[in-house]
Amino acid sequence: QVQLAESGGGLVQAGGSLRLSCVASGRTFAAMGWFRQAPGQEREFVAGISWGSSMTQYGHSVKGRFTISRDNAKNMVYLQMNSLKPEDTAVYYCAIGGRALTTRERDFDSWGQGTQVTVSS
């Protein structure tokens, strides 16, 4: 099973930017995604990308502000987060899906430990 490790979280002021990174322990011929979970809330889909980067999908609340990308040669996936808002505060998780890009949590079967993002107002 592929292992994932996220990095890049931290504390940032509203309007600022952060770039999250996720490294996979092996080659991942699969879609990858980012999810987040705020305290007391369910985990929600943030962004996803197909293996060849030809397709991307975004959650409604982050569309136009966040950008997902990947570098398959380095087994890396990134999440560039701009114009951050306090409501973006959450633990962000990287995950591997299947061949098809979906937004459903149940379609992703390997998860990282998460990285905390805190946006102050």
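Residues numbered from 1 in each chain as written. Predicted model: local features only at pLDDT ≥ 70, side-chain atom pairs only at ≥ 80, totals over all residues. Heavy atoms only, no water.

**Side note on the packing of aromatic side chains**
Two descriptors summarise a pair of aromatic rings, namely the distance from one centre to the other and the angle between the planes of the rings. For the structure on display, the rule yields five aromatic pairs. Pairing Phe 35 with Phe 45 gives two aromatic rings, centres 5.5 Å apart and planes at 80 degrees, and the pair type is edge-to-face. Separated by 10 residues along the polypeptide, Phe 35 in strand β4 (residues 32–37) and Phe 45 in strand β5 (residues 44–49) bring together distant segments of the chain. Considering the side-chain rings of Phe 35 and Phe 108, the 5.0 Å spacing of their centres and the 75 degrees angle between planes classify their relative orientation as edge-to-face. Highlighted residues: Phe 35 in strand β4 and Phe 108 in the loop between β9 (90–96) and β10 (110–111), separated in sequence by 73 residues. Looking at Phe 108, the relative accessible area reads 4%, which means it is buried. Members of the aromatic cluster, each reached through a chain of ring pairs, are Phe 35, Phe 45, Phe 108 and Trp 111. (Phe/Tyr/Trp six-rings, centres within 6.5 Å; stacked < 30°, edge-to-face > 60°. Helix = DSSP H or I, 4+ residues; strand = E, 2+ residues; numbered from the N terminus. Buried < 20%, exposed > 50% of the residue type's maximum accessible area, 1.4 Å probe, protein only.)

**As for the sheet that holds strand β1 (residues 4–7)**
What links the strands of a sheet is backbone hydrogen bonding, and the strands pair in either a parallel or an antiparallel sense. The four strands are arranged β1-β3-β8-β7 in an open sheet whose pairing can be described as antiparallel. Every other strand in the sheet has two partners, leaving β1 and β7 (66–71) as the edge strands with one partner each. Looking at each pair of strands side by side, their axes are set apart by 15 degrees on average, direction ignored. (Pairing = 2+ DSSP bridges. Axes fitted to C-alpha atoms, helices over the stretch in contact; angles between N-to-C directions.)

**A look at the side chain of Thr 102**
Residue position: Thr 102 is located in the loop between β9 and β10. Exposure remark for Thr 102: the relative accessible area of 16% places this residue in the buried category. Polar contacts involving the side chain of Thr 102 include one to the side chain of Asp 107, which spans 2.9 Å. Setting aside chain neighbours within four positions, we find Thr 102 in contact with Phe 45, Gln 57, Asp 107 and Phe 108. (Polar contact = N/O pair within 3.5 Å; in protein donor to acceptor, adjacent residues only side chain to side chain. Contact = heavy atoms within 4.5 Å.)

**Here's the deal with the state of the cysteines**
For the structure shown, the criterion picks out one disulfide. Here Cys 22 is linked by a disulfide to Cys 94, with a sulfur-sulfur distance of 2.2 Å. Disulfide Cys 22-Cys 94: the torsion about the S-S bond is -80 degrees, which places it as left-handed. Pair noted here: Cys 22 is in strand β3 (residues 18–24) and Cys 94 is in strand β9, with a separation of 72 residues, a long-range link. Each member of the pair, Cys 22 as well as Cys 94, is classed as buried. (Disulfide = S-S within 2.5 Å.)

**Remarks on unusual backbone geometry**
Despite not being glycine, Asn 75 has its phi angle at roughly 55 degrees, a positive value. The class of Asn 75 is buried, set by a relative accessible area of 16%. A positive phi is found at Ser 83, a non-glycine position, where the angle reads about 50 degrees. One can find Ser 83 in the loop between β8 (76–81) and β9.

**Remarks on the environment of Gly 8**
Of note, Gly 8 is situated in the loop between β1 and β2 (10–13). Sequence separation of Gly 8 and Gln 116 is 108 residues, and the distance between their C-alpha atoms is 8.6 Å. Setting aside residues up to four positions removed in sequence, Gly 8 forms contacts with Leu 18, Arg 19, Leu 20 and Thr 115.

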